[in-house]
Amino acid sequence: MVYRDKLGQICGFLNIEDEENSGSFIRRYFVLKHSSARLVYYQDNPINLLPAWNTPVGEISLQYISMVSDAKQIRPHVNSCFVINVSGRRYFLEAENEQDKLQWMEELINASKITVPQSGVKSVKSTEWVAGDISQHSYVTDIAGGVVLKMPIQHTEECSAGSSGEAEASPTASCMKPQPPSPQQACGDRLAWPDATVLSDDTVVKSGYGVKQGALRKSWKRRFFVLQENQFSYYKSENDQHPIRSIPTSDILEANISTSGHPNRENLFEFVTTKRTFYIQCDSPEEMHSWIGQIRALISSRKPPSSVPVPHSCDVSVASKTVWALKKTVQSLTSMH
């Protein structure tokens, strides 16, 4: 029987599979501790145990739970069975009856699910610095010291020696030279570039919680995701100021429902970038389709590559050298603060 103790914690006996896929279940006493975000279990009710034995024999951290679901199809011969998916392992639990099973599942889903009110969603600021007006001109983009740098490419009246013959033949041909800022224009804890303008906060297209698969250990952890017009970022929680990682939306190639490789994960979608594929599990089918739709909309909104002017070879060389010098300047400035 499931009941609440004096602290309001859900308690009761469940049979837990000793080892995954062993088929051997043992009876344990479970307590859902909201204060420490853990599901702990004892050999017996702690009230009946001696002080020396009054310690949990196991626990499940709620923050690592990716899904709680009915296990009727997976364990058809185990009555009132449900499963908890945690970071690559499945815990199969057997309740005394169907009512207890449904109550445990509901309590665990609510305890492991993090909800964020719309009013509490914070806009994540994008730190970008623009040297001059780039609205009507081509510009060079780079990142130095965590700052996105955008420099307009200025046109000189003639190319330097070594330009292509096509450039020399045209009186209007020019080399594009981005002008770096002066190091003396650093001020206080902020950087000030010539004619610099701080861009307005990058618009938050969508935000919310989900469970993401890690790149190396392939473990699943709950993260807070923020999709903006220029980047896709994820944080440990919505209260964090700095993301774990930010991915330029220009690197995202496609977003789809994930149908292979993770058969036990519902509401799973994947988005492919130029470097790797990310897998994210949502709390509901509606959330999954919403994320896919928003990402696809950003991909569709990109300008076709043909609309971007292609600089001459001499321009690329000049721009590369200027960006390198600018990165060195920013790194030296950021190390001073």
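Because the structure is predicted, anything quoted here is derived from the model rather than measured. (Residues numbered from 1 in each chain as written. Predicted model: local features only at pLDDT ≥ 70, side-chain atom pairs only at ≥ 80, totals over all residues. Heavy atoms only, no water.)

**Student:** For the pattern of salt bridges, give the residues involved together with the corresponding values.
**Tutor:** According to the stated counting rule, one finds 9 salt bridges in the structure shown. Residues Glu96 and Arg27 are paired through a salt bridge, measuring 3.5 Å at the closest nitrogen-oxygen approach. Separated by 69 residues along the polypeptide, Glu96 in the loop between β8 (89-94) and α1 (98-112) and Arg27 in strand β3 (residues 25-33) bring together distant segments of the chain. A salt bridge links Arg222 to Asp283; the shortest N-O distance between them is 2.9 Å. With Arg222 in strand β17 (residues 220-228) and Asp283 in the loop between β22 (277-281) and α3 (285-300), this pair connects stretches of sequence that are 61 residues apart. A relative accessible area of 9% places Arg222 in the buried class. With relative accessibility at 34%, the residue Asp283 sits in the partly exposed group. One salt-bridge network, in which partners are shared between bridges, spans Asp70, Glu98 and Lys101. (Salt bridge = Lys/Arg side-chain N within 4 Å of Asp/Glu carboxyl O. Helix = DSSP H or I, 4+ residues; strand = E, 2+ residues; numbered from the N terminus. Buried < 20%, exposed > 50% of the residue type's maximum accessible area, 1.4 Å probe, protein only.)

**Student:** Account for α3, with residues named and values stated.
**Tutor:** Compared with the 22 Å implied by 1.5 Å per residue over 16 residues, the 22 Å span of α3 between its first and last C-alpha is a close match. Considered for burial, the residues of α3 that qualify are Met288, Trp291, Ile292, Ile295 and Leu298. Within α3, the buried residues cover an arc of 130° as seen down the axis, which keeps them to one side. Within α3, the exposed residues directed more than 90 degrees away from the buried face are Glu286 and Ser300. Along its buried surface, α3 packs onto β16 (204-213), β17, β18 (231-235), β20 (252-257) and β21 (268-273). (Expected span 1.5 Å × (residues − 1). Arc of directions from axis to C-beta. Contact = heavy atoms within 4.5 Å.)

**Student:** So, the side chain of Asp100: which residues are in play, and what are the values?
**Tutor:** Residue position: Asp100 is located in helix α1. Of the buried charged residues, Asp100 lacks a salt bridge, with Arg27 as the closest side chain of opposite charge at 8.8 Å. Excluding residues within four positions of it along the chain, Asp100 makes contact with Met1, Val2 and Ala95. (Lys, Arg positive; Asp, Glu negative; His and termini not counted.)

**Student:** Which residues make up the nonpolar core, and what values go with them?
**Tutor:** Within the largest apolar cluster, 21 residues are counted, with the highest numbers of intra-cluster contacts made by Phe30, Leu39, Phe82, Ile84, Trp104 and Leu108. Setting aside its immediate chain neighbours within four residues, Leu39 contacts Phe30, Val31, Leu32, Gly58, Glu59, Ile60, Leu62, Ile84, Trp104 and Leu108. Counting residues in hydrophobic clusters, the runner-up holds 17 residues, among them Leu227, Phe269, Ile280 and Leu298. (Core = buried A, V, L, I, M, F, W, Y, C linked by side-chain atoms within 4.5 Å.)

**Student:** How would you sum up the confidence of the model for the protein chain? Please name residues and give values.
**Tutor:** In this model, the protein chain carries a mean pLDDT of 74, and residues with pLDDT of at least 70 account for 63%. Low pLDDT, under 50, characterises residues 115-126; the stretch is placed with 19 contacts to residues that sit more than four places away or in other chains. Residue range residues 156-200 is modelled with pLDDT below 50. Its contacts to residues more than four positions away, or to other chains, number 80 contacts. (pLDDT = per-residue confidence, 0-100.)

**Student:** Which residues make up the sheet that holds strand β19 (residues 245-248), and what are the values?
**Tutor:** Sheet strands pair by backbone hydrogen bonding; their relative direction is either parallel or antiparallel. Spatially, the 7 strands line up as an open sheet ordered β19-β18-β17-β16-β22-β21-β20, and their pairing is antiparallel. The open sheet is flanked by β19 and β20, the only strands paired with a single partner. The mean inter-strand angle of the sheet, taken between neighbouring strand axes irrespective of direction, is 30°. Pairing of β20 with β21, which is carried by 5 bridges, proceeds in the antiparallel orientation. In the sheet register, Asn256 faces β21, and the bridge partner there is Glu270. Helix-sheet contacts for α3 involve β16, β17, β18, β20 and β21, and the interaxial angle to β20 is about 155°. (Pairing = 2+ DSSP bridges. Axes fitted to C-alpha atoms, helices over the stretch in contact; angles between N-to-C directions.)

**Student:** So what about the pairing of β17? Which residues, and what values?
**Tutor:** With respect to burial, β17 is a largely interior element, 8 of its 9 residues being buried. Pairing geometry for β16 and β17, over 9 bridges, is antiparallel. The partner of Val204 across the bridge, within β17, is Gln228. Taken together, β16 and the strand that follows it, β17, pair antiparallel across an intervening segment of 6 residues, in which Lys218 is found at a positive phi of about 60°. By the bridge criterion, 4 bridges tie β17 to β18 in an arrangement that is antiparallel. By the bridge assignment, Val226 is partnered in β18 with Ser233. Connecting the antiparallel pair β17 and β18 is a turn made up of 2 residues.

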